Amino acid sequence: TFIKLSSLNTATLFKRQNDLKIKLEPYECRITEESISILISQILENAFKYSNPGTKVEVIGKKMNAVYLISVKDNGSGMTKDEITKIFALQQFKRNMFNQSGNGLGLAIAKKISSYINSNLDIISNPGEGTTVSLELKGK
């Protein structure tokens, strides 16, 4: 599937293949391959950037009634509720702490794409406890 391929490609980019755990139930969604690839890549890039090598990052996909729920869970630094509400273009958090490059677009791009394809993107996080980003895709 494109979810698995995109996940593996992103893990390889960050040299974190051994940290990636993938559990996907098969399901057909109304979303283009390009959109799902970009969504998964953007979410996973954040998970790998804000979690330490050697810690697990999980991609789980499961059917739930008429939707397919994809969750990306990391064991990284986490975010405050205030940081979650401020996710938009050019907003980065903990940049100095994690010595990150880039322009803070990852989750903002994922949020825009998810709204464009009429899907829900939800972020659950607590500082020091990691982050779970869930994406709810409508089935065919």
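Residues numbered from 1 in each chain as written. Predicted model: local features only at pLDDT ≥ 70, side-chain atom pairs only at ≥ 80, totals over all residues. Heavy atoms only, no water.

## Describing the environment of isoleucine 60
Consideration 1: Position of isoleucine 60 relative to the elements: it lies in strand S2 (residues 57–64).
Consideration 2: Taking the C-alpha atoms as reference points, isoleucine 60 and serine 134, 74 residues apart in sequence, are found 9.3 Å from one another.
Consideration 3: If we skip the residues at most four places from it in the chain, isoleucine 60 touches Lys23, Leu24, Leu69, Ile70 and Ser71. (Helix = DSSP H or I, 4+ residues; strand = E, 2+ residues; numbered from the N terminus. Contact = heavy atoms within 4.5 Å.)

## Section: the confidence of the model for the chain
Consideration 1: When the pLDDT values of the chain are averaged, the result is 85; 86% of them are 70 or greater.
Consideration 2: Mean pLDDT across the elements of the chain bottoms out in helix H4 (residues 95–98) (46) and peaks in strand S1 (residues 20–24) (97).
Consideration 3: Confidence drops under a pLDDT of 50 for residues 95–103, and excluding neighbours within four residues, the segment shows 14 contacts in the predicted structure. (pLDDT = per-residue confidence, 0-100.)

## Digging into the packing of aromatic side chains
Consideration 1: Scanning the model with the defined rule gives two aromatic pairs in all.
Consideration 2: Ring centres of tyrosine 27 and tyrosine 68 lie 5.3 Å apart, and the angle between their planes is 15 degrees; this geometry places the pair in the stacked category. Here tyrosine 27 is found in the loop between S1 and helix H2 (33–49), whereas its partner tyrosine 68 is found in strand S3 (residues 67–74), with 41 residues between them in sequence. (Phe/Tyr/Trp six-rings, centres within 6.5 Å; stacked < 30°, edge-to-face > 60°.)

## Details of the nonpolar core
Consideration 1: Leu44, Ile70, Ile123 and Leu137 are the most contacted members of the largest nonpolar core, which totals 28 residues.
Consideration 2: Where this core is concerned, the elements lending two or more residues are helix H1 (2–13), H2, S2, S3, helix H5 (106–116), strand S4 (120–125) and strand S5 (131–138).
Consideration 3: If one sorts the elements of this core by residue count, H2 sits on top with seven residues.
Consideration 4: Residues within four places of leucine 44 in sequence aside, it is in contact with Ser7, Thr10, Leu20, Val57, Val59 and Val72. (Core = buried A, V, L, I, M, F, W, Y, C linked by side-chain atoms within 4.5 Å. Buried < 20%, exposed > 50% of the residue type's maximum accessible area, 1.4 Å probe, protein only.)

## Looking at H1
Consideration 1: Across its 12 residues, H1 extends 16 Å between first and last C-alpha, which sits within 8% of the 16 Å expected from 1.5 Å per residue.
Consideration 2: Taken together, the buried positions of H1 are occupied by Ile3, Ser6, Ser7, Thr10 and Ala11. Down the axis of H1, the buried side of the element spans an arc of 135 degrees, and every buried residue falls inside it.
Consideration 3: Buried residues in H1 make contact with S1, H2, S2 and S3.
Consideration 4: Downstream of H1 by one or two residues, lysine 15 has phi in the positive range, about 55 degrees. (Expected span 1.5 Å × (residues − 1). Arc of directions from axis to C-beta.)

## Description of unusual backbone geometry
Consideration 1: At lysine 15, a residue that is not glycine, the phi angle is positive and equals roughly 55 degrees.
Consideration 2: Tracing the backbone through its elements, the reader meets lysine 15 in the loop between H1 and S1.
Consideration 3: Not every positive phi belongs to a glycine, and asparagine 65 is a case in point at roughly 60 degrees.
Consideration 4: Residue placement: asparagine 65 occurs in the loop between S2 and S3.

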